[in-house]
Amino acid sequence: MASRQCSRCGRRYPSSYQRCPYCAGQRRDGQRRRPASLPEQIFAFLRQNNSRIFVGGAAFFLCVAILGMLLTQCGKPKETKKDPPVRTEQPVKPLGISRTTATLAVGETVTLSAFGGFDTLVWSSSDETIATVMNGRVTALTPGTVEITASTGGEAVSCTVTVEAPPPVSQPELSLNRSDFTIRPGDPKTVQMKVRIKGTKEDYTGEVVWASQDPAVATVNETGLVERAGRGMTVITATAGGQVMECIVRVR
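This structure is a prediction, so every number in the text was calculated from the model and none was measured.

What counts, and at which threshold
- Residues numbered from 1 in each chain as written.
- Predicted model: local features only at pLDDT ≥ 70, side-chain atom pairs only at ≥ 80, totals over all residues.
- Heavy atoms only, no water.
- Pairing = 2+ DSSP bridges.
- Helix = DSSP H or I, 4+ residues; strand = E, 2+ residues; numbered from the N terminus.
- Axes fitted to C-alpha atoms, helices over the stretch in contact; angles between N-to-C directions.
- Salt bridge = Lys/Arg side-chain N within 4 Å of Asp/Glu carboxyl O.
- Buried < 20%, exposed > 50% of the residue type's maximum accessible area, 1.4 Å probe, protein only.
- Core = buried A, V, L, I, M, F, W, Y, C linked by side-chain atoms within 4.5 Å.
- Contact = heavy atoms within 4.5 Å.
- Polar contact = N/O pair within 3.5 Å; in protein donor to acceptor, adjacent residues only side chain to side chain.

Caption draft 1: Layout of the sheet that holds strand β13 (residues 180–183). Spatially, four strands are ordered β13-β20-β19-β16 in an open sheet, and the strand pairing comes out mixed. Only two strands of the sheet have a single neighbouring strand rather than two, namely β13 and β16 (209–212). Each strand axis lies, on average, 20° off the axis of its neighbour in the sheet, ignoring direction. Where β16 meets strand β19 (residues 232–240), four bridges bridge the pair, whose relative direction is antiparallel. The residue bridging Ala-211 from the neighbouring strand is Thr-237, located in β19.

Caption draft 2: Representation of the pattern of salt bridges within the structure. Within the structure shown, the criterion is met by three salt bridges. Among the salt bridges present, the one from Lys-198 reaches Glu-173, with a minimum N-O distance of 3.1 Å. Linking Lys-198 in the loop between β15 (195–197) and β16 with Glu-173 in the loop between β11 (156–164) and β12 (174–176), this pair joins segments that are 25 residues apart in sequence. You can call Glu-173 partly exposed: its relative accessible area is 49%.

Caption draft 3: Expanded view of the nonpolar core. By size, the foremost hydrophobic cluster in this structure holds 21 residues, and its most contacted members are Leu-176, Phe-181, Val-195, Trp-210 and Val-249. Those elements that place two or more of their residues in this core are β12, β13, β15, β17 (218–220), β19 and β20 (243–251). Among the elements that take part in this core, β20 stands out by supplying four residues, more than any other. Non-local contacts of Phe-181, meaning those with residues more than four positions away in its chain, are made with Val-191, Met-193, Val-226, Cys-247, Ile-248, Val-249 and Arg-250. Formed by 20 residues, the second largest nonpolar core is a distinct cluster that contains Leu-104, Ile-130, Val-161 and Val-163.

Caption draft 4: Here's a closer look at the side chain of Ser-212. Among the structural elements, Ser-212 can be located in strand β16. A distance of 3.4 Å separates the side chain of Ser-212 from the backbone nitrogen of Asp-214, its partner in a polar contact. Within the structure, Ser-212 has its side chain in polar contact with the backbone oxygen of Ala-218 (distance 2.7 Å). Beyond its immediate chain neighbours, meaning those up to four positions away, Ser-212 contacts Ala-218, Thr-219, Val-220, Thr-234, Val-235 and Ile-236.

Here it is as structure tokens:
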């Protein structure tokens, strides 16, 4: 039996049909059935594919959760590992002294100080008969030169100290209580001589050496007491404080 092929659906049908019975039947079914609405189609789809939708939804939410975690991690600033602070050793300062030379008179003092990095410090004097030192305080004792040293064991610094004799004490100008007198007959045989500070009535308390140029006329003892011995003229001298004073004595 001869047949034809439908150009629409591709099926073959007997040539006794003018039209494809298959396509005609589908058109009649479509005319009889009302097309389903969009909600009905969605509901039917969900009912037919509920297991697939569940698995797909779970996978979708899992992917969203993973993506959120990745975004959170990316948003956080990276914590950089900080290196521990490096402890640097401070260089030790060399030992020094406040002064390297000093000049003192006997009895004077000066205080020296040392500086630099040290734990213990020892002071010493090269000659303690000239000057002593205690905690940097130097005391001058006798004239001379001495080295005052500050030592830490590994380092040492020193100061040269010169001790000078104290300046001489200025002596006051002296004078005698008499510069010229006469012992006559009937006068006391003795006259007391005194050394005084010039311009005052204050007696000199230092050492005095008395002498008579002519003891046959008059003598003088160690206290300055002049006594007649004969007739004539003599000179009584008194030496005190580096000064020599004279008095003329006449005996009648």
